[in-house]
Amino acid sequence: MTRTRGLVAAGLVVGLALGAAGGWGVAHATGAGGTGSAAGGRAVVVAEPSRASTARATTVPSARSSAHAPIATTAGGIPAAEAPGSTPAPASVDLARTWTAPADLPTQGRLLRVTIPATRSHFVARQALLYLPPAALTADPPALPVDVLLSGQSRGAGPEDVQTGGAIEQTMDALATVDRGLAPIVVVPDQLGPRSANPMCVDGALGNSRTYLTEDVPAWVTSHLRVQTAASAWTIGGFSQGGTCAIQLGAGDPSRFGNLIDVSGEDGPTLGSETKTVDEGFAGNRAAWAAAQPAALLRAGAPFRDSNAFFAAGALDTTYGPVMPVMAERARAAGMHVATWVVPGGRHSWVTARAALAAGLDWLQPRVGLGAPAA
């Protein structure tokens, strides 16, 4: 059974609204060797969030977790069994081949809100979202890959948008349903700060957002959860400004993030105009601004032989849509394994973003050792 058929059989294709052109389009994966469907026949389609699902996202933990068998948890709701312990964490594990799901595997994951201290960066951040898949809620959870996902930037934007707009809990539950409870642990940190500003995922006068994402967040994750440590097991992804951050960090720190998902990202970090960006974000240092551009980071780090990159944008997004194929080609030229998708009928919105994030996360499942490749 192909993955798409498996999703249909599991009742997970539930009518994502994508405008008049609706439905899933065809993406093309290219990179060091070959072409094909980006989602590999494994695309996940998730529903537009209902009022009920949006309300679930405001509880701690999610009301969905009431279906789980009782397990011991810490004060923050993280299962006690998730504590890393004294055994060194594995670099990577092919759980698709080695994992045997227990008989009492929960049917759904758990969404929590957690505080990730800015110990090294001193960046002022709001609470993060933490999604634990069913496999992480078992008595002996496996070390899992990690997805760090980011919201876009607008008035009032923040981590909650990735659930209320991006339906991340529903998407990850869909992946886990097909892959025997396996999905990455998802962390949605606040890269914007409490005023939903735009520190551009760099370190500077607007805040040390980059250090927060590349050092503080991974340090918290590895000290609180059973996760794999290799770059091949870590993904950075996001929508709009979050997508820009994803290509910045995926290209700038491949030893941490071996995979990236850039949905409707910009050509580079910006505060609107080049002059304003250089002056306010880089203290007038034009060389530092130039070095922080994704194109420069890709050139400097090439070849990226072990990096996977998924790029997507809406077909009707006239502002950021044209950036996507250009950035994808840059990543491909730098050696990354690249897949792209133009979302039919999609504009620059969370409707587009949740479809694209679902497709990108699904495309990565077999690449992080959690799902079998499409038949």
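(A) Representation of the overall build of the protein chain. Along the protein chain, the regular secondary structure elements total 12 helices and 9 strands. As displayed, the protein chain has an accessible area near 14,400 Å², and 55% of this comes from carbon and sulfur atoms.

(B) Main features of the packing of helix H5 (residues 168-178) against helix H12 (residues 350-364). In the contact formed by H5 and H12, the axes pass within 10 Å of each other and the chain directions differ by 30 degrees. In this view, H5 runs roughly parallel relative to H12, as classed from their interaxial angle. Both H5 and H12 take part in a crossing whose hand is right-handed. On the side of H5, the interface is formed by Ile168, Thr171, Met172 and Leu175, while H12 contributes Ala358, Leu361 and Asp362. Its residues placed into classes, the contact of H5 with H12 shows 5 nonpolar, 1 polar and 1 charged.

(C) Inspection of the packing of aromatic side chains at higher detail. Going through the model one piece at a time under the given rule, you end up with 4 aromatic pairs. Seen in terms of ring centroids, Phe310 and Trp363 are 5.8 Å apart; in terms of plane orientation they differ by 45 degrees. Their pairing is tilted. One end of the pair, Phe310, is in strand E8 (residues 308-314); the other, Trp363, is in helix H12, and 53 residues separate them in sequence. The ring of Trp234 has Arg256 sitting right over it, with the charged end atom 4.7 Å from the ring centre. It is Arg286 that lies over the ring of Trp289; its NZ or CZ is 5.8 Å from the centre.

(D) Quick peek at the pattern of salt bridges. Here the structure, examined in full by the defined rule, presents 9 salt bridges. One salt bridge connects Arg113 with Glu160, and the closest N-O pair in it is separated by 2.9 Å. With Arg113 in strand E2 (residues 110-114) and Glu160 in the loop between strand E4 (146-150) and helix H4 (161-164), this pair connects stretches of sequence that are 47 residues apart. Glu160 sits in the partly exposed class, given a relative accessible area of 31%.

(E) Spatial organisation of helix H11 (residues 323-333). Along H11, the residues that are buried comprise Val323, Met324, Met327, Ala328 and Ala331. End-on view of H11: buried residues confined to an arc of 125 degrees, all on one side of the axis. Structurally, H11 contributes buried residues whose contacts are with helix H7 (241-252), strand E7 (259-263), helix H10 (294-301), E8 and strand E9 (337-343).

(F) Representation of the environment of Gly301 in the model. By the element assignment, Gly301 lies in helix H10. When the C-alpha positions of Gly301 and Ala251 are compared, they lie 6.8 Å apart, and in sequence the two are 50 residues distant.

Reading the values: the criteria
Residues numbered from 1 in each chain as written. Predicted model: local features only at pLDDT ≥ 70, side-chain atom pairs only at ≥ 80, totals over all residues. Heavy atoms only, no water. Helix = DSSP H or I, 4+ residues; strand = E, 2+ residues; numbered from the N terminus. Areas by Shrake-Rupley, 256 points an atom, 1.4 Å probe, with all protein chains shown as cover. Axes fitted to C-alpha atoms, helices over the stretch in contact; angles between N-to-C directions. Parallel < 35°, antiparallel > 145°, perpendicular 65-115°, else oblique. Left-handed = near helix turned anticlockwise from the far one by under 90°. Contact = heavy atoms within 4.5 Å. Nonpolar A, V, L, I, M, F, W, Y, C, P; charged D, E, K, R; others polar. Phe/Tyr/Trp six-rings, centres within 6.5 Å; stacked < 30°, edge-to-face > 60°. Lys NZ or Arg CZ within 6 Å of the ring centre and 35° of its normal. Salt bridge = Lys/Arg side-chain N within 4 Å of Asp/Glu carboxyl O. Buried < 20%, exposed > 50% of the residue type's maximum accessible area, 1.4 Å probe, protein only. Arc of directions from axis to C-beta.

That's the geometry; what it means functionally is another story.
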